[in-house]
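Each chain is listed here by its residues.
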Amino acid sequence: QVQLVESGGGLVQPGGSLRLSCVASGNVFIINTMNWYRQAPGKERELVATISSDGRTDYADSVKGRFAISRDNAKSTMWLQMNSLKPEDTARYYCNVDLQWPLGKRWGQGTQVTVSS
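Just so it is clear, the structure is predicted and the values come from calculations on it, not from any experiment. (Residues numbered from 1 in each chain as written. Predicted model: local features only at pLDDT ≥ 70, side-chain atom pairs only at ≥ 80, totals over all residues. Heavy atoms only, no water.)

J.: Looking at this model, I keep getting lost on the nonpolar core. Mind explaining?
T.: Grouped burial of nonpolar side chains is what soluble globular proteins tend to show. Membership of the largest hydrophobic core comes to 32 residues, with the highest contact counts inside it found for Trp36, Leu80, Met82 and Tyr93. Within the residue set of this core, elements represented by two or more residues are β1 (2-7), β3 (18-26), β4 (31-39), β5 (46-51), β7 (67-72), β8 (77-82), β9 (91-99) and β11 (111-115). Considering each element in turn, this core owes the most residues, five residues, to β9. Contacts of methionine 82, omitting those with residues within four sequence positions, involve Gly16, Ser17, Leu18, Leu20, Arg66, Phe67, Tyr93 and Val113. (Core = buried A, V, L, I, M, F, W, Y, C linked by side-chain atoms within 4.5 Å. Buried < 20%, exposed > 50% of the residue type's maximum accessible area, 1.4 Å probe, protein only. Helix = DSSP H or I, 4+ residues; strand = E, 2+ residues; numbered from the N terminus. Contact = heavy atoms within 4.5 Å.)

Here it is in structure tokens:
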């Protein structure tokens, strides 16, 4: 199995930056795409950014130009660099991975990001 642990969340002022990390452990060789999701209170969980095993990335329109996703397969680690943060970015951020078929997905426990003055 695969376990995921996020870190790096916290309280930041509007316009500030944070860098989230997600470390995978266990049978990491079955990990394909890695993703960051977020969920704000009262809202559905949404996909923020995704990165394939060969480094191709995609972003939600709301974060394009401000967030950057990256990964280091040798370290089994993924990051989300978040710049120019806005209050509407406040949410719990979750690390998610797609495993080799048919093993499904795995989720981390999440890390809270709060953007407020």
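From this point, the narrative continues.
J.: Just to check I follow, could you spell out the pairing of β4 for this structure?
T.: Looking along a regular strand, one sees side chains alternate from face to face of the sheet. As paired elements, β4 and β9 share seven bridges and run antiparallel to each other. From the neighbouring strand, arginine 38 faces β9, where its bridge partner is tyrosine 93. Pairing of β4 with β5, which is carried by five bridges, proceeds in the antiparallel orientation. The residue bridging tyrosine 37 from the neighbouring strand is leucine 47, located in β5. The hairpin turn running from β4 into β5, its antiparallel successor, is six residues long, and glycine 42 in that turn takes a positive phi close to 80 degrees. (Pairing = 2+ DSSP bridges.)

J.: How do you make sense of the side chain of arginine 66 when you look at a structure like this?
T.: Mapping arginine 66 onto the fold places it in the loop between β6 (57-59) and β7. A polar contact is formed between the side chain of arginine 66 and the backbone oxygen of serine 84, at a distance of 3.0 Å. Among all residues touching arginine 66, those that are not within four sequence positions of it are Gln81, Met82, Asn83, Ser84, Leu85, Lys86 and Asp89. (Polar contact = N/O pair within 3.5 Å; in protein donor to acceptor, adjacent residues only side chain to side chain.)

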